[in-house]
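A look at the structure
Chain by chain, the residues:
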Amino acid sequence: MLTDTDYRGADPGLAALYYQAQMTVFWTSMLGYHQALALGRANGVTAKELLPYATMQMAMMPHFLELYGERVDSGAHPGDVDRLAMGAASADHVLHTHEEAGVDTVLPAAVARIFRAGMDRGFAENSFSRLIEVLEKSAA
């Protein structure tokens, strides 16, 4: 089961919103995993060999979800733990690694584009969480 049964109030649209938000996390996470598997396969590494590393990465996600969620809710994005400039450099490196391996780059290119948009908006010294402003409709 991908989601629990959970009453969100009388507005049926709110229940659908929560479901779609969960599916956004699920599908983008799974595509990220498949992207990593494609990179591994291009370099002779099996899914079984990558599994402990992917599992370790996912085990850290609750911490990051809480940290960045609090920053998004508060509107404070200090560059004390991370800086967008660091993440942008990493995203570019990931993109180039996929290019060099001959793996499809649609997903890592989209990630790098979002980071560049944040950099272009002057967020280099802010936390990764500030990318919420790039993703929000009002920022378009």
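Above this text sits the structure in question.
Residues numbered from 1 in each chain as written. Predicted model: local features only at pLDDT ≥ 70, side-chain atom pairs only at ≥ 80, totals over all residues. Heavy atoms only, no water.

With that settled, the discussion passes to the overall build of the protein chain. A count of helices and strands for the protein chain gives six helices and zero strands. N-terminal to C-terminal, the α/β element order of the protein chain is α-α-α-α-α-α. In terms of overall dimensions, the protein chain has C-alpha extents of about 50 × 40 × 25 Å along its principal axes. Taking all 140 residues of the protein chain together, 21% fall into the buried category. In the protein chain, the proportion of contacts linking residues at least 24 apart, taken out of those at least 6 apart, comes to 53%. (Helix = DSSP H or I, 4+ residues; strand = E, 2+ residues; numbered from the N terminus. Buried < 20%, exposed > 50% of the residue type's maximum accessible area, 1.4 Å probe, protein only. Contact = heavy atoms within 4.5 Å.)

With that settled, the discussion passes to helix α2 (residues 47–59). Counted at 1.5 Å a residue, the expected span for α2 with its 13 residues is 18 Å, and the 17 Å between its end C-alpha atoms agrees. Within α2, the axis deviates most sharply at Y53, by approximately 25°. (Expected span 1.5 Å × (residues − 1). Bend = angle between axes of the 7 residues up to and from the residue.)

Here we come to the packing of helix α1 (residues 12–42) against helix α4 (residues 84–101). Relative to each other, α1 and α4 sit at 45°, their axes nearing to 10 Å. Judged on the interaxial angle alone, α4 and α1 are oblique. Along this stretch, α1 crosses α4, giving a crossing that reads as left-handed. Contacts between α1 and α4 involve Q35, L39 and A42 from the former and T97, H98 and A101 from the latter. Here the contact of α1 with α4 is composed, by residue class, of three nonpolar, three polar and no charged. (Axes fitted to C-alpha atoms, helices over the stretch in contact; angles between N-to-C directions. Parallel < 35°, antiparallel > 145°, perpendicular 65-115°, else oblique. Left-handed = near helix turned anticlockwise from the far one by under 90°. Nonpolar A, V, L, I, M, F, W, Y, C, P; charged D, E, K, R; others polar.)

Before going further, it helps to examine the pattern of salt bridges. Considering all chains together, one arrives at five salt bridges under this definition. A salt bridge links R116 to D92, with the nearest nitrogen and oxygen atoms 3.2 Å apart. A residue pair is termed long-range when its members are at least 10 positions apart, and R116 in helix α5 (residues 106–120) and D92 in helix α4 qualify at 24 residues. Take R116: its relative accessible area is 39%, and that puts it in the partly exposed class. Between E133 and R130 there is a salt bridge whose closest N-O contact spans 3.0 Å. Several salt bridges share partner residues, and in doing so they unite R71, D80 and D82 into one network. (Salt bridge = Lys/Arg side-chain N within 4 Å of Asp/Glu carboxyl O.)

Now for the environment of G69. With respect to the helices, strands and loops of the structure, G69 is situated in helix α3 (residues 61–74). Counting along the chain gives 28 residues from G69 to R41, while the straight-line C-alpha distance between them is 33 Å.

This part takes up α4. Taking 1.5 Å of rise per residue, 18 residues should cover 26 Å, and α4 covers 26 Å from first to last C-alpha, within 8% of that figure. Turning to α4, its buried residues number three or more, namely L84, G87, A88, A91, L95 and H98. An end-on view of α4 places all buried positions within 105° of arc, on one side of the element. Opposite the buried face of α4, by more than 90 degrees, sit the exposed residues M86, H93 and E100. Of the surrounding elements, those touching the buried residues of α4 are α1 and α5. One or two positions beyond α4, positive phi appears at G102, with a value near 75°. (Arc of directions from axis to C-beta.)

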